[in-house]
Amino acid sequence: MWLGPEEVLLAGALWVTERANPFFLLQRRRGHGKGGGLTGLLVGTLDVVLDSSARVAPYRILHQTQDSQVYWAVACGSSRKEITKHWEWLENNLLQTLSIFDNEEDITTFVKGKIHGIIAEENKNEQPQSEEDPGKFKEAELKMRKQFGMPEVEKLVNYYSCSYWKGRVPRQGWLYLTVNHLCFYSFLLGKEVTLVIQWVDVTQLEKNATLLFPECIKVNTRDNELYFSMFLNINETFKLMEQLANIAMRQLLDNESFLQDKSLPKPRKPLKNISALKRDLDARAKNECYRATFRLPKDECLDGHTDCTLWTPFNKMHIPGQMFVSNNYICFASKAEEACHLIIPLREVTIVEKADSSSVLPSPLSISTKSKMTFFFANLKDRDFLVQRISDFLQRTPSKKPCSSDREWKWNSADPACEGGCLNRGVLRPVLQEVPELPSSSPLAGSPTSALSSRPVNFSAGEVPTASQGLLKLFRRNSEELLGPKGAKEKMKEESWNIHFFEYGRGMCMYRTAKTRELVQKGIPENLRGELWLLFSGAWNEMVTHPGYYADLVEKSMGKYNLATEEIERDLHRSMPEHPAFQNELGIAALRRVLTAYAFRNPTIGYCQAMNIVTSVLLLYCNEEEAFWLLVALCERMLPDYYNTRVVGALVDQGIFEELTREYLPLLSEKMQDLGVISTISLSWFLTLFLSVMPFESAVVIVDCFFYEGIKFILQVSLAILDANVEKLLQCCDEGEAMTILGRYLDNVVNRQSISPPIPHLHALLTSGDEPPLEIDIFELIKTSYEKFSNLKADDIEQMRFKQRLKVIQSLEDTAKKSVVRAVSGDIGFSIEELEELYVVFKAKYLMSCYWGNNRAAAARRDQSLPYLEQYRIDMEQFKELFISLTPWSCGAHTPVLAGRLFRLLDENRDSLINFKEFVTGMSGMYHGDLTEKLKVLYKLHLPPALNPEETESALEATSYFTEDVTTEVSPFVSELDFCLHCESQETQEDKGRRNENGPEKEEKGTSPQDYRYYLRMWANEKESKKETIKDLPKMSQEQFIELCKTLYNMFSEDPVEQELYHAIATVASLLLRIGEVGKKFSNRPVRKSEDCKTNNTQDPVSEEESPTSEQSQNSAVEQHPQADREDKTCRDTQSEKTHQENQTQGDGSGEGQGSPLQLLSDDETKDDMSMSSYSMVSTGSLQCEDIADDTVLVGCEGSSSAARYGSTIDTDWSISFEQILASMLTETALVNYFEKKVNILQKIKDQKKVERQFSSSSDYELSSVSG
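Because the structure is a prediction, the values reported are computed rather than measured. (Residues numbered from 1 in each chain as written. Predicted model: local features only at pLDDT ≥ 70, side-chain atom pairs only at ≥ 80, totals over all residues. Heavy atoms only, no water.)

Student: I'd like a rundown of the overall build of the chain, residues and numbers included.
Tutor: Scanning the chain for helices and strands turns up 46 helices and 25 strands. Split into buried and exposed, the 1268 residues of the chain put 56% on the buried side. Of the contacts formed within the chain by residues at least 6 apart in sequence, a portion of 71% connects residues at least 24 apart. With an accessible surface of roughly 55,100 Å², the chain has 52% of that area assigned to carbon and sulfur atoms. (Helix = DSSP H or I, 4+ residues; strand = E, 2+ residues; numbered from the N terminus. Buried < 20%, exposed > 50% of the residue type's maximum accessible area, 1.4 Å probe, protein only. Contact = heavy atoms within 4.5 Å. Areas by Shrake-Rupley, 256 points an atom, 1.4 Å probe, with all protein chains shown as cover.)

Student: Describe helix α26 (residues 735-747), listing the residues and the values that go with them.
Tutor: At 3.6 residues per turn, the α-helix brings residues three or four places apart onto the same side. The terminal C-alpha atoms of α26 lie 18 Å apart, and with 13 residues this matches the ideal 18 Å at 1.5 Å per residue to within 8%. Taken residue by residue, α26 has Ala738, Ile741, Leu742, Gly743, Tyr745, Leu746 and Asp747 as its buried positions. N-cap assignment for α26: the residue whose side-chain oxygen lies 3.3 Å from the backbone N of Gly736 is Asp734. (Expected span 1.5 Å × (residues − 1). Polar contact = N/O pair within 3.5 Å; in protein donor to acceptor, adjacent residues only side chain to side chain.)

Student: Got a sec to walk through unusual backbone geometry? Specific residues and values, please.
Tutor: That bond from Pro944 to Pro945 is cis: its omega, 5 degrees, falls within 30 degrees of zero. Here Pro945 is to be found in the loop between α35 (931-940) and α36 (952-957). Here Ala610, not a glycine, exhibits a phi torsion of approximately 95 degrees, which is positive.

Student: How would you explain the pairing of strand β4 (residues 59-63) if you had to name every residue and give the values?
Tutor: Most of β4 sits inside the fold, with five of its five residues counted as buried. A two-sided burial pattern is seen for β4, the buried positions comprising Tyr59, Ile61 and His63 on one face and Arg60 and Leu62 on the other. As paired strands, strand β3 (residues 24-29) and β4 are joined by five bridges and run antiparallel to one another. Looking across to β4, one finds that Leu25 is bridged to Leu62. Pairing of β4 with strand β5 (residues 71-77) involves five bridges; the strand directions are antiparallel. The residue bridging His63 from the neighbouring strand is Trp72, located in β5. (Pairing = 2+ DSSP bridges.)

Student: How would you sum up the environment of Gly321? Please name residues and give values.
Tutor: Relative to the helices and strands, Gly321 resides in strand β14 (residues 317-326). Overall, the relative accessible area of 1% leaves Gly321 in the buried class. Taking the C-alpha atoms as reference points, Gly321 and Asp307, 14 residues apart in sequence, are found 5.9 Å from one another.

Student: So what about a negative patch on the surface? Which residues, and what values?
Tutor: Where like charges cluster on the molecular surface, the negative patch consists of Glu337, Glu663, Asp795 and Asp796. Locating Glu663 in the fold gives a position in helix α20 (residues 648-664). The exposure class assigned to Glu663 is exposed, which follows from its relative accessible area of 55%. (Patch = residues over 30% accessible without salt bridge, like charges linked within 9 Å, V, L, I, M, F, W, Y side chains within 5 Å. Salt bridge = Lys/Arg side-chain N within 4 Å of Asp/Glu carboxyl O. Lys, Arg positive; Asp, Glu negative; His and termini not counted. Charge placed at Lys NZ, Arg CZ, Asp CG, Glu CD.)

Student: Would you mind going over the nonpolar core in detail, with residue names and values included?
Tutor: Ranked by internal contacts, the top residues of the largest apolar core, which has 155 residues, are Phe377, Trp533, Tyr643 and Trp685. Ignoring sequence-local partners within four residues, the contact set of Tyr643 consists of Ile605, Cys608, Gln609, Ala610, Met611, Val614, Leu634, Cys635 and Leu687. Grouped together as the second largest cluster of nonpolar side chains are 116 residues, Ile217, Leu240, Ala248 and Leu886 included. (Core = buried A, V, L, I, M, F, W, Y, C linked by side-chain atoms within 4.5 Å.)

Student: How would you summarise the packing of helix α13 (residues 526-537) against helix α18 (residues 611-621) if you had to cite specific residues and measurements?
Tutor: Remark: α13 packs on α18, axes separated minimally by 8 Å, with the N-to-C direction vectors making an angle of 120 degrees. Residues Glu526, Arg529, Gly530 and Trp533 of α13 pack against Val617, Leu618 and Tyr621 of α18. Class assignment for the residues of the contact of α13 with α18 results in four nonpolar, one polar and two charged. (Axes fitted to C-alpha atoms, helices over the stretch in contact; angles between N-to-C directions. Nonpolar A, V, L, I, M, F, W, Y, C, P; charged D, E, K, R; others polar.)

Student: Can you explain the sheet that holds β14? Please cite residues and give values.
Tutor: The strand order across the open sheet formed by seven strands is β16-β15-β14-β13-β19-β18-β17, and the pairing between neighbours is antiparallel. The open sheet has two free edges, formed respectively by β16 (341-345) and β17 (349-354), since each of these has just one partner strand. Between one strand axis and the next, the sheet turns through 30 degrees on average, direction left out of account. Note: strand β15 (residues 329-334) against β16, five bridges, orientation antiparallel. Residue Ala333 lies in a different strand from β16, and its bridge partner there is His341. Contacts from helix α8 (residues 276-294) reach β13 (302-312), β14, β15 and β16, with the element oriented near 80 degrees to β15. Set on the sheet, helix α9 (residues 383-396) makes contact with β13, β14, β15, β17 and β18 (365-369); between it and β17 the angle comes to about 160 degrees.

Student: Summarise the sheet that holds β3; cite the residues concerned and give the values.
Tutor: Strand order across the open sheet formed by five strands is β1-β5-β4-β3-β2, with antiparallel pairing between neighbours. Since the sheet does not close on itself, it has two edges, and those belong to β1 (2-8) and β2 (15-20), each with one partner. Taken over all neighbouring pairs, the strand axes of this sheet differ in orientation by 35 degrees on average, direction set aside. As paired elements, β1 and β5 share four bridges and run antiparallel to each other. Each residue of the ladder has a partner; that of Glu7, found in β5, is Trp72.

Student: Give me the packing of aromatic side chains: which residues, what numbers.
Tutor: Taken as a whole and judged by the stated rule, the model has 47 aromatic pairs. Here the aromatic rings of Tyr159 and Tyr176 are separated by 6.1 Å at their centres, their planes lie at 20 degrees, and the arrangement is stacked. Taken together, the residues Tyr159 in strand β6 (residues 156-166) and Tyr176 in strand β7 (residues 169-178) connect sequence positions 17 residues apart. A relative accessible area of 4% means that Tyr176 is categorised as buried. Ring centres 5.8 Å apart and planes at 55 degrees place the aromatic pair Phe184 and Phe228 in the tilted group. Of this pair, Phe184 sits in strand β8 (residues 181-188) while Phe228 is found in strand β12 (residues 225-229), placing the two residues 44 residues apart along the sequence. Residue Phe184 is classed as buried on the basis of its relative accessible area, which comes to 0%. Its relative accessible area of 0% is what places Phe228 among the buried residues. By way of ring pairs, the aromatic residues Tyr839, Phe842, Tyr846, Tyr872, Phe879, Phe883, Phe903, Phe916 and Phe919 are connected into one cluster. (Phe/Tyr/Trp six-rings, centres within 6.5 Å; stacked < 30°, edge-to-face > 60°.)

Student: Before we move on, can you summarise helix α33 (residues 895-906) with the specific residues and values?
Tutor: For α33, built from twelve residues, the straight-helix expectation of 16 Å at 1.5 Å per residue is met to within 8% by its first-to-last C-alpha distance of 16 Å. Within the sequence span of α33, burial applies to Thr895, Val897, Leu898, Ala899, Gly900, Arg901, Leu902, Phe903, Arg904 and Leu906.

Student: How would you explain the environment of Cys509 if you had to name every residue and give the values?
Tutor: Structurally, Cys509 is set in the loop between α11 (485-504) and α12 (514-521). Along the chain, Cys509 and Met373 lie 136 residues apart, while their C-alpha atoms are 8.2 Å from each other.

Student: Quick rundown of the confidence of the model for the chain? Include the residues and the values.
Tutor: Residues with a pLDDT of 70 or more make up 68% of the chain, whose mean pLDDT is 74. In the model, residues 400-467 has pLDDT below 50 throughout and makes 163 contacts with residues more than four positions away in sequence or in other chains. Taken as a whole, residues 764-768 scores under 50 in pLDDT and shows eight contacts with residues more than four places along the chain or in a different chain. (pLDDT = per-residue confidence, 0-100.)

Student: Lay out the side chain of Lys493 with the relevant residues and their values.
Tutor: Inspection of the secondary structure assignment puts Lys493 in helix α11. Among buried Asp, Glu, Lys and Arg side chains, Lys493 stands out as unpaired, with Glu490 the closest opposite charge at 4.6 Å. When neighbours within four sequence positions are excluded, Lys493 is seen to be in contact with Lys522, Gly523, Pro525, Gln753 and Phe779.

As structure tokens, this is what we get:
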């Protein structure tokens, strides 16, 4: 490629000049190409270690003038062909022009200007996309593509110098991290190491240090364990590897392939050697951390952060920390953990102003909100820029919604109307204007959910609306408790929270401190529970920014039925059946609406068991819309991947729980592993947040803490429960005993402060009758969990989640593989090991299309709800690639044609996709079975539907152009097939439907009655499950037989016994042709029936003049059942007009192998034919489908055929049966040996894996070879 002219001081160092003229030199890097010796080894090693571009571009062109000592590099090339093209252009276009100049400086200036102009012209279209990546990085990406054969769509993220430990010897080289692969290359003194690993194959990724390997990164796949060390920045490298592996796992889990964010803001300063992709991934990591820390919506993107201090009025201090600014929020996190967290939605901000600086308070910033709260930030480094960014975001913030302009939090407002169409909890006074001593009659002392909405939304006509309040208010029992000691305790809790609201603020802008956590641990009052759950989970933010969303979802989902709604209906009455709120239609209807709305919002999850239990509890304390948004927060942010079909998230956290048990309770961990208890208990604990295993009034306190702390709290409570029962569990003998101990313990966790009456719990049956149970106070259990296990950190848990996610998803993939292999192994001849290897190759081909395809069609084909066998499916192009590399029947250039036919034969449902079972069925037909079975497969490949009659017309048009290079072959022509199909109207409609269905235009299926009849007939045949015999196979026409012969000739080329096979097939073909001639005399008898067929035919048959022969093979599509009626076959054999010529000529005329005769008859077998020349044996040269010459005579009969070479037609009365072909084949030992020889598919798979990566357009790159 052309280079911007760069100065080169030592033109001869490490380079050899191959061509020269007065102005330019063409040079080759020493050690590249032939020769090189020790110098070449040293140069190659230096190029790799020093990351020299000469490794990827070993040719260059330099510009020089006679008197100058300075050279200018103007072009480089990866191959001699590329560099020669540039050299010739310079000689043809510049040499004469340069000789005119007198001044050497003018020559150099002219050359540099010309080269710059060429580069600008070449890059004018590409520049907008690639300008973000620095030049050095582009060079590395080019190097990666050429070294590892990656296509243009495979993007490099970053590359690092490191050592790969091969045995005990480190190999210094370069590690390239792309979106889908980890690649390593090293070249040291002739020893070359190349590694390519797909991220989807990585099972473990660890950063560790051992005596043997200093600080290193270990990468495990199913087959290998790799170690990389000596990184300059191992933490950055490992973090990036984690991200890329995580993206790959996400792809395996739910088809989310990587899409680069093109909207990233450009860096204020140019970043050296950092690609746009690397910046994108760094931004993603920061965004995820930011959203998780402050519980923000999934689409919130961090714009930037800066150090600052925040004035906290509750303790009169300036707390150091960081301010985070994003599109819709300003957040603050103190450096001291839990000293203070603050979230300010920009929708609530009224004033942002710069205050006067002072020595005590430099660069202060004041932010005021609608709730009359003011926040003071100071010590801001770039205050002006920050204010400008906030102002920009404020301008983009949506305009004020109706009813939301005068309040920060809906129950802080004096306006009873709803915010943005949402339902109101009640009318409350602004908090900051009130004193902490609130009388019991104060709205703040009461429930925020107590007042009915002023504008309730009636989602279900004829029912009492439940959208306005929590169900607990409608079904409260035993109100006497409110007047007793428990009621007093509840009032004290409410008072404590009211005081907290007064000091720290109420609503989204509340200062969240250690004091807040203490209050949560003591239990949230029932009247405030719904409010605080919405706050701490972040669900409130999503609710107010999506007004009316829930109502629209409910309306859209009304009356819709699918698998999710069926499961929901089944589980509705199992959701807290002991609670009175769900013993009547009011609660059941509300639960139905929320679950159905979520299933329609997120069809990927739809509905999962345990969601009903959690949602029913949410509905007790919140209205429907609030419960819906809490469920969204739970499923999509706080418990990611918990409620999908494979409960991956719960399995991941179960793995974390096992790891934590090993760390904190090592003795018990070993015992629990032996008993297999942890996997049983953790799923029920985590999925339902203890709601299904603990009394309701106690479990709801766990939910309080969970919404504040996240999964960290569930893990530490689980550890505390095991710790409390450690002695009993160590004495257990089996899993059942351990489960009983834990069940009894959980059933007796009580909440003595609850003002609600106890609800009967299912685990009460586990309590022993004689011994009074020992009650455990829920608040004591929570306190213990914080005392013993509070050192769990959210960041550590996220790190552990990544590690476990790799393990869990790869384990699920292995399970899927075993399940699929087990499902297909009974009917297939391959061994389990071979099937597993084939599955890996098949899945890899599918995934490759996902991330190297230009569209998402491949990913869209995978439906997670389908059985494992149906999840991965490939199309014809992917099948052809696999077929070419794995088939034992290699046919040279004819192989893709054969692959297309086999694909159509396997694609029974005509959706242009085949699953793994169909794939291995096709492969097994070629690898296993006796000669009969293999010939049967080959025979079917030359009949419809494998042979496509839809393209016959175009094939017939090409008859007179046999000199063209065509790689396809002819199929039964239309007149013959149509004439037969119209003999019986039902058969006509059936096959016509198939032709329409599979034609070149791919007409849409299911639009005509014929399609339905076809499917009904197909299902009926499947139910009969009658085993196909060779007598069921339809007869083969002359044209189809010629195609079979062509395939066999191509198949035998380059075989060690090629000559014997050609002689054998010539003998067999000659015999079969004569058998067909004899058969014509018998098939001509029922002429009357043939005439009847003609009269019933609604289409005019194609006349013989319109039906000349062509050698094009068709990409198929007409379905034809293997079992055909006798009458139908007779009709097909007799229906068309007889041909004038019975000698068939054939040829493709590619020009190759013109001297290779392809005659099908031997000398002895042509003595009775009038115009047959002597048939010599085929030469040993390579024989391709295109090698059939114009003058090749394939059919020997009476009369001369040479004069009618282009005018001859197929003899439509001629036919041959499979039994006749089989019997003829059995007479030739060479053919029998060829089809019965064993081929090792595992070796084929091994070879295929070496070349499974597609090569980019620059694949002509010549790898350095070292000799001498």
